[in-house]
Amino acid sequence: MKKIVAIVLAIAMIASVAVLSGCSGEKKSESGKEKLTMATNAYFPPYEYYEGEEIIGIDAEVAQAIADKLDMELEIVDIEFDSIIAGVQTGKYDMGMAGMTVTDERKQSVDFSDSYATGIQSIIVTEDSPIKSIDDILAKDADYKVGVQLSTTGDIYISDDFDKEGKSADLITEFQTGNDAVAALASGKVDAVIIDNEPAKSYVAATSGLKILDTEYVTEDYAICFSKDNTELKDKVNAALKELIADGTVQKIIDKYITAE
Ligand code: ARG
């Protein structure tokens, strides 16, 4: 009996793997349109987040507008932020769009489109925190614990600064998502979280007892990344993006999700 169950399970597994790989290998969608797969990490409001089962947000809408312009069918895939660049490099995904900051280091691995938005790395602390600025965190004798999302620029900058100041990297905890980092702050496991300003605002609004420090840590540009081997797609997407920026569509989408204070 056990043997039969094992065989049935094995067949089921092979079948599901075959179905899955069949899907990902296919370029054309059911509608006959060419597919445009976008890798993201959907815990980054207002750029990408879940509403029910659906991933919505600025990046999702800008990507949809690009796909419409190119007559392609957009497919959004939610993966770990840390895996986006590698997935794009190997061609598993056509592009990465995740409120992703353009950095010189990333440019060694992938190509970027024009920038479509800006971000600021900000610092979230508890309302009663003694931390007033990044200098308090970087002070030689301070031992504040900092939470970040793994491999984000917040992680990279604070790790570099800790290194420069001769501070122990053990004080930095890298979480898989921004949500996890903020939950750790709310429960007192870390003393500060470094994260992009717009997600910071969403998290602080959703969690009581937290605030964003007034001081800005670093300002940066967001863009879409592509494999260096796929300049044809990059050029097509970039041309569509340029038009959508020029005719005000991108700004309209941003304004829908980010209301000026
Ligand atoms: N802008 C930061 C970076 O590029 C954070 C992006 C995180 N994005 C996300 N969808 N979780 O490193």
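Details of the structure are given in the entry above.
Procedures and definitions
- Residues numbered from 1 in each chain as written.
- Predicted model: local features only at pLDDT ≥ 70, side-chain atom pairs only at ≥ 80, totals over all residues.
- Heavy atoms only, no water.
- 1 Å grid on protein atoms, 1.4 Å probe; cavity = no way out; pocket = protein on both sides within 12 Å on 5 of 7 lines; lining within 4 Å.
- Points joined across faces, edges and corners; volume = space filled by probe spheres on them.
- Buried < 20%, exposed > 50% of the residue type's maximum accessible area, 1.4 Å probe, protein only.
- Helix = DSSP H or I, 4+ residues; strand = E, 2+ residues; numbered from the N terminus.
- Arc of directions from axis to C-beta.
- Contact = heavy atoms within 4.5 Å.
- Axes fitted to C-alpha atoms, helices over the stretch in contact; angles between N-to-C directions.
- Parallel < 35°, antiparallel > 145°, perpendicular 65-115°, else oblique.
- Left-handed = near helix turned anticlockwise from the far one by under 90°.
- Nonpolar A, V, L, I, M, F, W, Y, C, P; charged D, E, K, R; others polar.
- Pairing = 2+ DSSP bridges.
- Near = heavy atom within 4 Å.
- Polar contact = N/O pair within 3.5 Å; in protein donor to acceptor, adjacent residues only side chain to side chain.
- Areas by Shrake-Rupley, 256 points an atom, 1.4 Å probe, with all protein chains shown as cover.
- Sits in = over half its atoms within 2 Å of the grid points.
- Salt bridge = Lys/Arg side-chain N within 4 Å of Asp/Glu carboxyl O.
- Core = buried A, V, L, I, M, F, W, Y, C linked by side-chain atoms within 4.5 Å.

Enquirer: What is the right way to read empty space enclosed by the protein from this model?
Expert: Gaps left between atoms are located by rolling a probe of water-molecule size over the structure's atoms. As enumerated under the stated definition, the model contains one cavity of 30 Å³ or more in all. Roughly 80 Å³ of volume is contained in the largest cavity. Phe44, Phe81, Ala98, Gly99 and Thr152 are, among the 15 residues lining the largest cavity, the residues nearest its centre.

Enquirer: What is the right way to read helix H7 (residues 178–186) from this model?
Expert: Spacing of three or four residues puts side chains on the same side of an α-helix, whose turn is 3.6 residues. Burial in H7 covers these residues: Gly178, Ala181, Val182, Ala184 and Leu185. Projected down its long axis, H7 shows its buried positions confined to an angular sector of 155°, all on one face. Contacts made by the buried residues of H7 are with strand S7 (110–126), strand S8 (146–149), strand S9 (172–175), strand S10 (192–196), helix H8 (197–206) and strand S11 (210–212). Gly188 sits one or two residues past H7 and shows a positive phi near 80°.

Enquirer: Please explain unusual backbone geometry as it appears in this structure.
Expert: Note: most peptide bonds trans; most residues except glycine with negative phi. Pro46 follows Pro45 through a cis peptide bond whose omega is 0°. Positive phi values are uncommon outside glycine, yet Asp71 reaches one of about 55°. Inspection of the secondary structure puts Asp71 in the loop between helix H2 (58–70) and strand S5 (72–78). Backbone geometry places Ser151, a non-glycine residue, at a positive phi of 70°. Its place among the elements puts Ser151 in the loop between S8 and helix H6 (153–164).

Enquirer: Any chance you could explain the packing of H2 against helix H9 (residues 231–246) here in plain terms?
Expert: Packed helices, taken two at a time, are described by the angle between their axes plus the distance between the axes. As a packed pair, H2 and H9 sit with axes 9 Å apart at the nearest point and diverge in direction by 110°. Viewed along their axes, H2 and H9 adopt a mutual orientation that is roughly perpendicular. For H2 against H9, the interelement crossing comes out right-handed. Residues Val62, Ala65, Ile66, Lys69 and Leu70 of H2 form the contact with H9, whose participating residues are Lys236, Val237, Ala240, Leu241, Glu243 and Leu244. Class assignment for the residues of the contact of H2 with H9 results in eight nonpolar, no polar and three charged.

Enquirer: Just to check I follow, could you spell out the sheet that holds strand S2 (residues 43–44) for this structure?
Expert: Adjacent strands of a sheet pair through backbone hydrogen bonds, lying either parallel or antiparallel. If you trace the three strands from one edge of the open sheet to the other, you get S2-S3-S4, paired in antiparallel fashion. For this open sheet the edge positions go to S2 and strand S4 (54–56), each flanked by a neighbour on one side alone. Here two bridges tie S2 to strand S3 (residues 48–51), and the two strands are oriented antiparallel to one another. Residue pairing across strands places Tyr43 opposite Tyr49, the latter belonging to S3.

Enquirer: Hey, could you run me through the site of the ligand in this one?
Expert: Inspection of the region around the ligand gives 15 residues, with Ala98, Thr101, Arg106, Thr153 and Asp196 positioned closest. The side chain of Glu48 places a nitrogen or oxygen atom 3.1 Å from a nitrogen atom of the ligand. Within the contact set of the ligand, an oxygen atom lies 2.8 Å away from a side-chain nitrogen or oxygen of Arg106. Out of a free accessible area of 350 Å², the ligand has 100% covered by protein chains. Taking a 2 Å distance to the grid points as the criterion, the majority of the atoms of the ligand fall inside the largest cavity. Tallied by class, residues from the shell around the ligand come to five nonpolar, six polar and four charged.

Enquirer: Just checking my understanding: could you explain the pattern of salt bridges for this structure?
Expert: Should the charged atoms of two oppositely charged side chains come close, the side chains can pair. This structure, assessed with the given rule, holds eleven salt bridges. With its nearest N and O atoms 3.4 Å apart, the salt bridge here joins Asp71 to Lys33. Taken together, the positions of Asp71 in the loop between H2 and S5 and Lys33 in the loop between helix H1 (2–25) and strand S1 (34–40) put the pair 38 residues apart, joining distant regions of the chain. Of the residues examined, Lys33 reaches a relative accessible area of 35% and is grouped as partly exposed. Two residues, Lys242 and Asp114, come together in a salt bridge whose shortest N-O distance is 2.8 Å. With Lys242 in helix H9 and Asp114 in strand S7, this pair connects stretches of sequence that are 128 residues apart. A relative accessible area of 46% means that Lys242 is categorised as partly exposed. One network of salt bridges, in which partners are shared, links Asp111, Lys228 and Lys234.

Enquirer: Teacher, can you tell me more about the nonpolar core here?
Expert: Soluble globular proteins: nonpolar side chains tend toward being buried together. With 30 residues, the main nonpolar core has Ile58, Val62, Ile66, Met95, Met97, Tyr116 and Ile224 as its most contacted residues. Elements represented by at least two residues in this core include exactly S1, H2, S5, S7, strand S12 (218–227), H9 and helix H10 (249–257). Counting residues per element, this core draws most heavily on H2, which supplies six residues. Ignoring any residue separated from it by four or fewer positions in sequence, one finds Tyr116 in contact with Asp59, Met97, Gly99, Tyr222, Ala223, Ile224, Leu241, Ile245, Val250 and Ile254. One finds Ile131, Val146, Phe162 and Ile194 within the second-largest nonpolar core, a separate group that totals 16 residues.

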